Amino acid sequence: MLDGEQLSYIVSQACRHYQFSKAIRQRAWVEIDHQALADNIRALKGILAPQTALMAVVKADAYGHGAIKVAETVLRAGATWLAIATLGEGVELREAGITAPILVLGATNTTEEIEAIAHWDLQPTLCTLAQVKLFDQTAAKLGKILPVHLKIDTGMSRLGTRWEEALPFVSAAHAASNLNIASIYSHFATADEPDPSTLNQQHQRFQEAIANFQQHGIPIPKLHISNSAATLHSTALHYDLVRIGLSIYGVYPAPHLAAQVSLRPVLQVKARITQIKTLPPNTGVSYGHRFKTSAPTKIAVVGIGYADGVPRRLSNQLKVLVNGIFAPQVGAITMDQIMLDVTHLPAVQVGDVVTLIGHETKEQLTVDQWANQLGTISWEILCGFKHRLPRINL
Ligand SMILES: *Cc1c(COP(=O)(O)O)cnc(C)c1O
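Residues numbered from 1 in each chain as written. Predicted model: local features only at pLDDT ≥ 70, side-chain atom pairs only at ≥ 80, totals over all residues. Heavy atoms only, no water.

Asks: Please provide a residue-by-residue account of the overall build of the protein, values included.
Replies: Each helix and strand in the protein was counted, giving twelve helices and 20 strands. Principal-axis analysis of the C-alpha atoms gives the protein an extent of 80 × 70 × 40 Å. Sorting the 394 residues of the protein into buried and exposed places 52% on the buried side. Sequence separation of 24 or more characterises 67% of the internal contacts of the protein that already satisfy a separation of 6 or more. If you sum the accessible surface of the protein, you get close to 17700 Å²; carbon and sulfur atoms cover 54% of it. (Helix = DSSP H or I, 4+ residues; strand = E, 2+ residues; numbered from the N terminus. Buried < 20%, exposed > 50% of the residue type's maximum accessible area, 1.4 Å probe, protein only. Contact = heavy atoms within 4.5 Å. Areas by Shrake-Rupley, 256 points an atom, 1.4 Å probe, with all protein chains shown as cover.)

Asks: Run through the site of the ligand, naming residues and quoting values.
Replies: Every one of the 13 residues lining the ligand counts as a neighbour, but Lys 59, Tyr 63, Ser 228, Arg 243 and Leu 246 are closest to it. One of the side-chain nitrogen or oxygen atoms of Tyr 63 is found 2.6 Å away from an oxygen atom of the ligand. Contact between the ligand and His 187: a nitrogen atom at 3.5 Å from a side-chain N or O atom of the residue. Going through the elements one at a time, α3 (59–64) and β10 (241–244) are the ones with two or more residues in the shell around the ligand. For the shell around the ligand, the class distribution of residues is six nonpolar, four polar and three charged. (Near = heavy atom within 4 Å. Polar contact = N/O pair within 3.5 Å; in protein donor to acceptor, adjacent residues only side chain to side chain. Nonpolar A, V, L, I, M, F, W, Y, C, P; charged D, E, K, R; others polar.)

Asks: Can you explain the pattern of salt bridges? Please cite residues and give values.
Replies: The full count for this structure, using the stated rule, is eight salt bridges. The closest approach of N and O atoms between Asp 39 and Arg 42, which form a salt bridge, is 3.2 Å. Note that Asp 39 and Arg 42 are positioned in helix α2 (residues 34–46) at a spacing of three residues, about one turn of the helix. Close ionic contact of Asp 336 with Arg 388 constitutes a salt bridge, the shortest N to O distance being 3.0 Å. With a gap of 52 residues between them, Asp 336 in the loop between β16 (325–330) and β17 (338–341) and Arg 388 in the loop between α12 (378–383) and β20 (391–393) connect regions that are remote in the sequence. Residue Asp 336 is classed as partly exposed on the basis of its relative accessible area of 29%. Among the charged side chains, a salt-bridge network with shared partners connects Arg 27, Asp 308, Asp 336 and Arg 388. (Salt bridge = Lys/Arg side-chain N within 4 Å of Asp/Glu carboxyl O.)

Asks: Report on the environment of Ile 338, specifying residues and quantitative values.
Replies: Structurally, Ile 338 can be placed in strand β17. For Ile 338 and Ala 116, which are 222 residues apart along the polypeptide, the C-alpha to C-alpha distance reads 44 Å. Look past the residues within four positions of Ile 338 in its chain and what remains in contact with it is Ala 300, Val 301, Val 302, Ile 304, Leu 318, Gln 329, Ile 333 and Leu 356.

Asks: Describe unusual backbone geometry, naming the residues involved and giving the relevant values.
Replies: Unusually for a residue other than glycine, Asn 282 sits at a positive phi of about 60°. You can see Asn 282 is positioned in the loop between β11 (267–279) and β12 (284–285). Non-glycine residue Ser 286 carries a positive phi angle of around 70°. Its location among the elements puts Ser 286 in the loop between β12 and β13 (291–292).

Next comes the structure, spelled out in structure tokens:
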């Protein structure tokens, strides 16, 4: 006889298997290559300065890759810190049993949030003197010493106290009896640009601010300032930690930084052909008839659309791979479906897999290509793939 626990285990395994096989047979999905992810972590660690630890930035559901699974893989591969943007993202990781230190990059301004930070053992970013006071009071009430990370604005003009006004902020945090300064950090605005002058200016401001704190008797904790681009730019910017997001997912922040390290894309987007038909010449395709056939044309309907994160602005410009061969998407991209011209592919069948982002044989389709076509950045493309696409972890 099975006891209840054994039975529920078997049922949960069966459900998981069913979910997987169901997902793989779905109309569309995202594949996450955990081997590539782990290899990217190891490659990036290989170019870090000797004292530098790798903080994997897994905000926004790990840039659309699935935060829990990504966190597990990157920690196993040698990342020692995680960073997220919101409290909810941190709680999700803790509830999944992840125990690594987690930095919250976003701001925390209420007592309730501070209590949650303390409860879930997350490490907050403090940006202002007001936050130092609120955190110190709340920590005293909780009877805890809270680790805090102080953000200095050296020119991004987003979160943080500006470098030339930061001494009172940092001194107050140092004097606060219920706070422990775990790090002081800043963030670059232009690290992905080939011209390093603004980056150098920000770095200089950071160094000056740190020297000033030191002169005023503040012990210097861990320091960090580098995102993916700055990490690839120079080891002189690595300090104690680097906060790497984009590049752990195998995407380069800029073409001129690609020679620094060899990375592989982690995410692929795939969908299935759901119907095939041949249209006569001069037939309109999709909403608005923004494409018209000029000859007899074989059309494949594919089960993915803008509600899955395929930008409608790519209508009539998107290119996909079908069995290793490029095929153009034609007509307007609709909410749930797109159409391909597969006249040149006599063997295609309903059920065949189409790659929108990814690689087949020697060909590849990248988020950089979409970003260039759309006049945006690869970060936004990655974050755009919706939860309607199940994530299949390979
Ligand atoms: C998102 C973020 C990062 C990671 O940036 P990438 O360019 O994706 O490496 C690092 N630091 C901060 C403060 C961030 O908000």
